[in-house]
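# Residue-level structural notes
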Amino acid sequence: MGVPSALWSCHTAQVDSYLLEGHIPPSAIAHLLTVRPVIRGLAVPGMPIGSPGMEVAGMSPELYDVIAFKVAYTSVFMRFRGSLQIEQ
């Protein structure tokens, strides 16, 4: 579907004209659909502990980035620890 291989994870979806790859927090998707940047989509590579659906009892959530991507371009869109947004 056009997700760069370095950003692949376990799930791919399309919402409006955007691709979503991996365990992206709902608040990041809501922000994407509010600001509507000129990108192809968002990705959370791998399956970080604490990301939506990857919560593990007794384990601390990892710090992870939600990456914005388009052809030959990536940048950090938002940063999270578990479901808690760290920065934007």
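Placed above this text is the structure.
Report on the accompanying structure. Because the structure is a prediction, the values reported are computed rather than measured.

### Overview of the pattern of salt bridges
Evaluated as defined, the whole model comprises two salt bridges. For Asp-16, the salt bridge identified is with Arg-36, shortest N-O distance 2.7 Å. Of this pair, Asp-16 sits in the loop between β1 (12-15) and β2 (18-22) while Arg-36 sits in the loop between α1 (26-35) and β3 (41-44), and the two are 20 residues apart along the sequence. When its relative accessible area of 48% is taken as the criterion, Asp-16 is described as partly exposed. Taking the relative accessible area as the measure of exposure, Arg-36 reaches 42% and is therefore partly exposed.

### With respect to the environment of Ala-6
In this fold, Ala-6 is placed in the segment before β1. Separated by 37 residues in the primary sequence, Ala-6 and Ala-43 place their C-alpha atoms 9.9 Å from one another.

### Some words on the nonpolar core
Of all hydrophobic cores here, the largest spans 14 residues; its most connected members are Ile-24, Leu-32, Leu-42, Val-66 and Phe-77. The set of elements that each furnish at least two residues to this core consists of β2, α1, β3, β4 (63-70) and β5 (73-81).

### Re the packing of aromatic side chains
Aromatic ring pairs are defined here through the distance separating the ring centres and the angle between the ring planes. Applying the stated criterion to the full structure yields one aromatic pair. Relative to Phe-80, the ring of Tyr-64 lies with its centre 5.9 Å away and its plane at 15°, an arrangement referred to as stacked. Here Tyr-64 is found in strand β4, whereas its partner Phe-80 is found in strand β5, with 16 residues between them in sequence. Since its relative accessible area comes to 0%, Phe-80 is described here as buried. Here the guanidinium or amino end of Lys-70 rests over the ring plane of Tyr-73, the centre of that ring lying 5.2 Å away.

### What to know about the pairing of β1
Pairing between β1 and β2: four bridges, direction antiparallel. Counted as the bridge partner of Gln-14 is Leu-19 from β2. Hairpin connection of β1 to β2: two residues between the antiparallel strands, including Asp-16 at a positive phi of 55°.

### Things to note about a nonpolar patch on the surface
Residues Leu-63, Leu-84 and Ile-86 make up a contiguous nonpolar surface patch of about 280 Å² in total accessible area. Along the chain, Ile-86 turns up in strand β6 (residues 84-87).

### Regarding the environment of Thr-74
Tracing the chain through its elements places Thr-74 in strand β5. In this structure, the C-alpha to C-alpha distance between Thr-74 and Ala-43, residues 31 residues apart in sequence, is 9.8 Å. With sequence-adjacent residues up to four places away left out, Thr-74 is seen in contact with Leu-7, Ile-67, Ala-68 and Phe-69.

Reading the values: the criteria
- Residues numbered from 1 in each chain as written.
- Predicted model: local features only at pLDDT ≥ 70, side-chain atom pairs only at ≥ 80, totals over all residues.
- Heavy atoms only, no water.
- Salt bridge = Lys/Arg side-chain N within 4 Å of Asp/Glu carboxyl O.
- Helix = DSSP H or I, 4+ residues; strand = E, 2+ residues; numbered from the N terminus.
- Buried < 20%, exposed > 50% of the residue type's maximum accessible area, 1.4 Å probe, protein only.
- Core = buried A, V, L, I, M, F, W, Y, C linked by side-chain atoms within 4.5 Å.
- Phe/Tyr/Trp six-rings, centres within 6.5 Å; stacked < 30°, edge-to-face > 60°.
- Lys NZ or Arg CZ within 6 Å of the ring centre and 35° of its normal.
- Pairing = 2+ DSSP bridges.
- Patch = residues over 30% accessible without salt bridge, like charges linked within 9 Å, V, L, I, M, F, W, Y side chains within 5 Å.
- Areas by Shrake-Rupley, 256 points an atom, 1.4 Å probe, with all protein chains shown as cover.
- Contact = heavy atoms within 4.5 Å.

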